[in-house]
Amino acid sequence: MTPTTFKRAAVAASALALASTMAACGADAASSSSESGDGGKCVLTLGTLGPLTGPAADFGLSMEATTKFVAWEANQAGGLKVGDQTCEVDVASHDTGYTSAGAANAATEFASKGIKFVVGPLGATEVTGMKPVAARYHMLLAANGFGRNALEKKYPLVFHLGPGPFQWAGPIIDEAAKSFKFQTVKVIAPNDQSGDDIAIVNEEAFKKRGKDVTRDSYQRGTQDFAPIVSRLLRGNPDLIDFASSPAGDVGTMIKQLRDAGYDGVFSRLGGDSTAEITRVAGREKMRDFFFYAPVDFADPRVQEILPKFKQATGMDATGIALGWIPGARALLESISKAGTIDDAEAVAKILRENDLNDDLLGQAVWTGEEEFGVNQEMTWPFYMGLIKDAQDPTYTKLTPEQ
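Residues numbered from 1 in each chain as written. Predicted model: local features only at pLDDT ≥ 70, side-chain atom pairs only at ≥ 80, totals over all residues. Heavy atoms only, no water.

This brings us to the overall build of the protein chain. Of the regular secondary structure elements, the protein chain holds 16 helices and 17 strands. Scored against the burial criterion, the 402 residues of the protein chain give a buried share of 59%. Within the protein chain, contacts between residues separated by at least 24 positions form 68% of all contacts whose residues are at least 6 apart in sequence. Carbon together with sulfur atoms contributes 51% to the accessible area of the protein chain, which is approximately 15200 Å² in total. (Helix = DSSP H or I, 4+ residues; strand = E, 2+ residues; numbered from the N terminus. Buried < 20%, exposed > 50% of the residue type's maximum accessible area, 1.4 Å probe, protein only. Contact = heavy atoms within 4.5 Å. Areas by Shrake-Rupley, 256 points an atom, 1.4 Å probe, with all protein chains shown as cover.)

In structure tokens form, the structure reads like this:
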């Protein structure tokens, strides 16, 4: 048994049916993050949120599935040991519509249910909208927004579940240059914070490497992409980067660009939704495409978890869903070690000390000080995913931008 496996086994101890344990669910179980059911049953409810419908649903459904999976893991092991009680882990979901207001509404709804711990949100605008409301209710967010203000000192209960484009955009561009020749680049994303913030980081990364870059935008919710495709074709750029554009939008634009005769390279240096993009565009249309990938699907550790993920969530695992699992596990480990399901500040203190060693993705490091002024971003190893000549994706492991 590895040290990490041993630690997780201790965290998710076998459920106790003894009456004395059920009685121990008293003080914490009657308050915020838990419920007192039959016999004083202790239930820890994790909130999760994101766009569960629409062109960006791949993001929200993946976040929800991650949360359901780690809850399932804990419950399969008998429950989460918290102090002298063992808690069932439940999940409450909220569809944000990928908006700031939707995320703020979710925070209010979670607060009304006494939820103190949230996995998400993930869009920059969602994180911005949720942070002040969550702070008011002392709610800990294990978020994954790629915005330039994703973490802030004034919100010490906000953590980042994985690396952002500050860490991986540059290394992926450098690696991609070994497979593709590109000098002229167009970057496009929706014209809101969830689009602009990532597009600007990517633009700067390309410029730092001497590329000729122009940045474009479009209205989120656009249905007619013909005018956007026409703009992207002007100048026949070597590379078009879709940044954090929703998967459905990206697939549609790729298909229309190829149909219009574009023969260059595509990239998506935002969250990984490659399976959904491929479904919409078709593999032949994708043909030369590189992307940020949290995991290598050929990794035996990833292959081992896929059937369990499907059993737990009812959906096939996406790269981003798998990439968020270690951070969500770290949250549960910290709740267990802190011995409380109500005190987010106490859990945050323990979480900051987590060694970030996970059976699925290995060893991570805490980052964020340079970019945000707060060292609360969990950076696990990441990959450049590569589709070349319409073949199956390959993955190259990379290290963060230093």
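Bringing the packing of helix α7 (residues 165–176) against helix α8 (residues 193–208) into the picture now. A pair of packed helices is captured by two measures, namely the crossing angle of their axes and the spacing between those axes. Put simply, α7 and α8 touch, their axes get as near as 9 Å, and they point 40° apart. For the element pair α7 / α8, the angle class is oblique. For the pair α7 and α8, the sense of crossing is right-handed. Contact residues: Pro165, Phe166, Ala169, Gly170 and Ile173 in α7; Ile198, Val201, Asn202, Ala205 and Phe206 in α8. Considering only residue class, the contact of α7 with α8 consists of eight nonpolar, two polar and no charged. (Axes fitted to C-alpha atoms, helices over the stretch in contact; angles between N-to-C directions. Parallel < 35°, antiparallel > 145°, perpendicular 65-115°, else oblique. Left-handed = near helix turned anticlockwise from the far one by under 90°. Nonpolar A, V, L, I, M, F, W, Y, C, P; charged D, E, K, R; others polar.)

Per the counting criterion, the structure on display carries 21 salt bridges. Between aspartate 197 and arginine 148 there is a salt bridge whose closest N-O contact spans 3.6 Å. One end of the pair, aspartate 197, is in helix α8; the other, arginine 148, is in the loop between β5 (140–143) and β6 (158–160), and 49 residues separate them in sequence. For arginine 148, a relative accessible area of 41% translates into the label partly exposed. Glutamate 175 serves as the salt-bridge partner of lysine 178, at 3.1 Å between the closest nitrogen and oxygen. According to the relative accessible area criterion, glutamate 175 is buried, its value standing at 16%. (Salt bridge = Lys/Arg side-chain N within 4 Å of Asp/Glu carboxyl O.)

To continue, consider α7. Counting buried residues in α7 gives ten out of twelve residues, a clear majority hidden from the surface. Inspection of α7 places Pro165, Gln167, Trp168, Ala169, Gly170, Pro171, Ile172, Ile173, Glu175 and Ala176 among the buried residues, and these make up the whole buried set.

So, about the sheet that holds strand β7 (residues 184–190). Here seven strands make up an open sheet; going across it, the order is β8-β7-β9-β10-β11-β16-β17 and the pairing mixed. Taken across any chain shown, the strands that pair with only one partner, and hence form the sheet edges, are β8 (212–218) and β17 (394–398). Each strand axis lies, on average, 20° off the axis of its neighbour in the sheet, ignoring direction. Two elements, strand β16 (residues 382–387) and β17, share five bridges in a ladder whose sense is antiparallel. (Pairing = 2+ DSSP bridges.)

This part takes up the state of the cysteines. Counted under the stated rule, the structure contains one disulfide. For cysteine 42, the disulfide goes to cysteine 87, at an S-S distance of 2.1 Å. Classification of the bridge connecting cysteine 42 and cysteine 87 rests on its S-S torsion, roughly 70°, and on that basis the disulfide is right-handed. Note that cysteine 42 is positioned in the loop between α3 (26–29) and β1 (43–50) and cysteine 87 in strand β3 (residues 85–95), a separation of 45 residues in sequence. Across the pair, cysteine 87 and cysteine 42 agree in class, each one buried. (Disulfide = S-S within 2.5 Å.)

Before going further, it helps to spend a moment on the packing of aromatic side chains. Going through the model one piece at a time under the given rule, you end up with 17 aromatic pairs. Judged by centre distance (6.4 Å) and plane angle (80°), the rings of phenylalanine 182 and phenylalanine 206 are edge-to-face. Placement of the pair is phenylalanine 182 in the loop between α7 and β7 and phenylalanine 206 in helix α8, with a sequence separation of 24 residues. Residue phenylalanine 182 is classed as buried on the basis of its relative accessible area, which comes to 5%. Residue class for phenylalanine 206 comes out buried when judged on its relative accessible area of 0%. On the basis of an interplanar angle of 90° and a centroid distance of 6.2 Å, the ring pair of phenylalanine 291 and tyrosine 395 is categorised as edge-to-face. (Phe/Tyr/Trp six-rings, centres within 6.5 Å; stacked < 30°, edge-to-face > 60°.)

Our next topic: the confidence of the model for the protein chain. In the predicted model, the protein chain carries a mean pLDDT of 89, and 90% of its residues have values of at least 70. Contacts of residues 1–32 to residues separated by more than four positions or lying in other chains number 71 contacts, the stretch itself having pLDDT below 50. (pLDDT = per-residue confidence, 0-100.)

The next thing to look at is the side chain of threonine 340. Within the fold, threonine 340 resides in the loop between α14 (319–338) and α15 (344–351). Among the residues examined, threonine 340 registers a relative accessible area of 9% and is labelled buried. At 3.1 Å, the side chain of threonine 340 and the backbone nitrogen of aspartate 343 are in polar contact. (Polar contact = N/O pair within 3.5 Å; in protein donor to acceptor, adjacent residues only side chain to side chain.)

This part is about the side chain of aspartate 296. Along the chain, the position of aspartate 296 falls in the loop between β11 (289–293) and α13 (300–313). Put simply, aspartate 296 is tucked away with no salt bridge, and the nearest opposite charge, on arginine 301, sits 8.3 Å away. Among the polar contacts listed, one links the side chain of aspartate 296 to the backbone nitrogen of alanine 298, at a separation of 2.9 Å. Setting aside its immediate chain neighbours within four residues, aspartate 296 contacts Val302, Tyr383 and Tyr395. (Lys, Arg positive; Asp, Glu negative; His and termini not counted.)

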